[in-house]
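# A closer look at the structure
Now for the letters of each chain:
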Amino acid sequence: LVLFLGSARVVSVYESAETGAIVHSPRARTRQSLSTQQIAAFTTAHGHSAKKHVEYLAKIGVKMVGNEQTERTAPEYIMKQLDEIRTAAHENIKFEIAIQRPSGSFNTDFLGGINAKYENVTNVVCRISSIDSEKATHDSILINAHYDSAIGSPGASDDLSQVGVAIEIARVLAAGNDHVPRAVILLFNGCEEFNWLAAHGFITSSVDLEMRTPGGHTHREPNTWAHTVRGLVNLEAIGAKGRVLLTRTTSGAGWMTKAYARSVLLPRANVIADDVFRAKVFPGDTDLRAVRDFGGIDGLDLIFVENGYAYHTSQDETHQISANDLARAGGQLLALTLELVHDLEKAKEGSLNLNMEEQVFFDILGQYLVMYNRSLGVQINWAAAASGIVVSVLLSRFPVAEGGGFVQALGGLLFPVFGAVAVGVVMNATSPLSWYSDTRLCFALFLTPAVGSALWAAAGG
């Protein structure tokens, strides 16, 4: 009820300048200047090409920092693909390729505190900009994906699926069919699994970029690219299929969240995942943290989450990956990227303020995206709390059984939760994640005690 009323409130202030609340529907988004054309530009053929990249990079084996596959084989393959794209690039597109091997150190409170020191990790970097604009490279959007893998895993989904998508994004942008008023930087980093070392190296290190020219020659340039980054789109995976989920944003990424809402058809997003990360309930993190904490750059995470059974295991292989899923992810990423670079252009022109309030967001059945300012969310939460108190008081005046009343009504709300949690505690102690063998077991394991506890409370305990 509260969710419905909150959504109704948002609908009533559709695109309100006062609250910033907005409901985006597919029909509304198709009227935007961007979106549908970009999704059409990233075709099923690009999805199949992306899967071929995944197949090759997964086939070379486990890619841990320091081994041959990570430091030589994978980077050489990625640079070869980028070089072929550059050869076919439109004459109005400036397509630059570089490799970087930064060293550095940092401290973080992740997992109780980590002191990290690293040397010569590998980054493959590509920058795409328009030759027509002298200021195109003054500001940029960074797209990041990592090609290294967890211990013992070929890493087909995590994160080669997104690496394949990013390579094909470079191909579409290089074709020059869409105006790119600001630069797009693609970072293929070789050390994420060991706590985001390569991303930290790119965004903070002064180590030169080793530029690769079309003729195969090299020369060194200072790493000035990192200083131009205004926003990060971080591509990750903890699953192998489905639609990518917008899981997390940083506090200053309100403008990027709104760009996502305007540009992405069939959105999948939920701020609850953001809350889980911020509460440090989930014992993991992404390159977004390094870029945010050490580069002061805002951004968002786009993550494959479905079919996560093979995540960080030896079973994370290419047969788990669907070319259609990669095509859909690429189309959404392309639309978002172009929306973001146009927003940077508008900001420089003074027609758009990027200092926007943090957004609360969630999708409805993957069709509509509800989004509103954090301040409005606080008001909705207070209204929900007040409504709960009022409903509890009203229920206490109408006992549903002998001995009922407020206590029984409260028990009817809490006992189902405690029943499901109790099952989870027992499972964790005896057979962790046993429901992974068949997801239908979730109903028996969690729904049954919840319903039973509710019925027990309704019967008066």
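Residues numbered from 1 in each chain as written. Predicted model: local features only at pLDDT ≥ 70, side-chain atom pairs only at ≥ 80, totals over all residues. Heavy atoms only, no water.

### Focus: the overall build of the chain
The helix and strand tally for the chain stands at 14 helices and 14 strands. Here the contacts in the chain between residues at least 6 apart in sequence split such that 77% fall between residues at least 24 apart. Summed over its atoms, the accessible surface of the chain is roughly 21000 Å², and 57% of this surface lies on carbon and sulfur atoms. (Helix = DSSP H or I, 4+ residues; strand = E, 2+ residues; numbered from the N terminus. Contact = heavy atoms within 4.5 Å. Areas by Shrake-Rupley, 256 points an atom, 1.4 Å probe, with all protein chains shown as cover.)

### Notes on helix α11 (residues 323-349)
Taking 1.5 Å per residue as the helical rise, α11 with its 27 residues ought to reach 39 Å, and the 39 Å between its terminal C-alpha atoms agrees with that figure. Its side-chain oxygen at 3.2 Å from the backbone nitrogen of asparagine 324, serine 322 defines the N-terminal cap of α11. Backbone geometry just downstream of α11 places glycine 350 in the positive-phi region, at approximately 90 degrees. (Expected span 1.5 Å × (residues − 1). Polar contact = N/O pair within 3.5 Å; in protein donor to acceptor, adjacent residues only side chain to side chain.)

### Overview of the packing of aromatic side chains
The final tally for this structure, using the stated rule, is 3 aromatic pairs. For the pair phenylalanine 106 and phenylalanine 294, a centre-to-centre distance of 5.0 Å together with 50 degrees between the ring planes defines the contact as tilted. Taken as a pair, phenylalanine 106 in strand β3 (residues 104-108) and phenylalanine 294 in helix α10 (residues 287-295) lie far apart in primary sequence, 188 residues in all. An aromatic cluster is present here, built from Phe106, Trp196 and Phe294 joined pairwise through their rings. (Phe/Tyr/Trp six-rings, centres within 6.5 Å; stacked < 30°, edge-to-face > 60°.)

### Here's the deal with the pattern of salt bridges
Enumeration according to the criterion identifies 22 salt bridges in this entry. For aspartate 301, the salt bridge is made with arginine 248, and the minimal N-O distance between the two is 3.1 Å. One end of the pair, aspartate 301, is in strand β12 (residues 299-306); the other, arginine 248, is in strand β11 (residues 241-249), with 53 residues separating them in the sequence. With respect to class, aspartate 301 is no different from arginine 248; both count as buried. (Salt bridge = Lys/Arg side-chain N within 4 Å of Asp/Glu carboxyl O. Buried < 20%, exposed > 50% of the residue type's maximum accessible area, 1.4 Å probe, protein only.)

### Here we look at the nonpolar core
Residues Ile78, Leu82, Phe95, Phe188, Val233, Leu302 and Leu336 are the most contacted members of the largest nonpolar core, which totals 77 residues. Sort the elements by how many residues they give to this core and helix α6 (residues 156-174) lands first, with 11 residues. Apart from the residues lying within four places of it in its own chain, the contact partners of isoleucine 78 are Leu57, Val124, Tyr147, Val163 and Phe188. By size, the runner-up hydrophobic cluster in this structure holds 17 residues, among which are Ala98, Leu142, Phe202 and Trp225. (Core = buried A, V, L, I, M, F, W, Y, C linked by side-chain atoms within 4.5 Å.)

### A word on the pairing of strand β13 (residues 359-364)
Counting buried positions over the 6 residues of β13 gives 5, a clear majority of the element. Across 6 bridges, the pairing between β13 and strand β14 (residues 368-373) is antiparallel. Each residue of the ladder has a partner; that of isoleucine 364, found in β14, is tyrosine 368. Hairpin geometry of β13 and β14 is characterised by an intervening segment of 3 residues between the two adjacent antiparallel strands and by a positive phi of about 55 degrees at leucine 365. (Pairing = 2+ DSSP bridges.)

### Notes on the environment of glycine 284
In this structure, glycine 284 sits in the loop between α9 (271-278) and α10. The buried category is assigned to glycine 284, whose relative accessible area is 14%. Sequence spacing of glycine 284 and phenylalanine 110 is 174 residues, and the spatial spacing of their C-alpha atoms is 8.3 Å.

### Here's the deal with the sheet that holds strand β9 (residues 218-221)
In spatial order, the strands read β9-β8-β2-β5-β7-β6-β10-β12-β11; together these 9 strands make up an open sheet with mixed pairing. Of all strands in the sheet, those bounded by a partner on one side alone are β9 and β11. Between one strand axis and the next, the sheet turns through 25 degrees on average, direction left out of account. Inspection of the sheet shows strand β8 (residues 209-212) paired to β9 by 4 bridges, in the antiparallel sense. (Axes fitted to C-alpha atoms, helices over the stretch in contact; angles between N-to-C directions.)

### Re the packing of helix α5 (residues 68-87) against α6
Viewed as axis vectors pointing N to C, α5 and α6 meet at an angle of 15 degrees, and their least axial separation amounts to 9 Å. Here α5 lies roughly parallel to α6, going by the angle between them. As for the relative orientation of α5 and α6, their crossing is right-handed in sense. Between α5 and α6, the contacting residues are Ile78, Gln81, Leu82 and Ile85 on the first element and Val163, Ile167, Ala170, Arg171 and Ala174 on the second. Residues of the contact of α5 with α6, tallied by class, amount to 7 nonpolar, 1 polar and 1 charged. (Parallel < 35°, antiparallel > 145°, perpendicular 65-115°, else oblique. Left-handed = near helix turned anticlockwise from the far one by under 90°. Nonpolar A, V, L, I, M, F, W, Y, C, P; charged D, E, K, R; others polar.)

### A look at the confidence of the model for the chain
Averaged over every residue, the pLDDT of the chain is 84; the share at 70 or more is 84%. Scored below 50 in pLDDT, residues 1-19 shows 24 contacts in the model against residues more than four places distant or in partner chains. Contacts of residues 26-34 to residues separated by more than four positions or lying in other chains number 22 contacts, the stretch itself having pLDDT below 50. (pLDDT = per-residue confidence, 0-100.)

### A few points about the side chain of glutamine 359
Position of glutamine 359 among the secondary structure elements: in strand β13. Side-chain polar atoms of glutamine 359 contact the backbone oxygen of glutamate 357, separated by 2.8 Å. Among the polar contacts made by the side chain of glutamine 359, one reaches the side chain of asparagine 373 at a distance of 2.7 Å.

### Describing the packing of helix α7 (residues 197-204) against α10
At a minimum axis separation of 8 Å, α7 and α10 run at an interaxial angle of 30 degrees. Relative to α10, the element α7 is oriented roughly parallel. The interaxial crossing formed by α7 with α10 has right-handed handedness. Residue-level inspection shows Ala199, His200, Ile203 and Thr204 of α7 in contact with α10, the latter providing Asp287, Ala290, Val291, Phe294 and Gly295. For the contact of α7 with α10, the residue count by class is 5 nonpolar, 3 polar and 1 charged.

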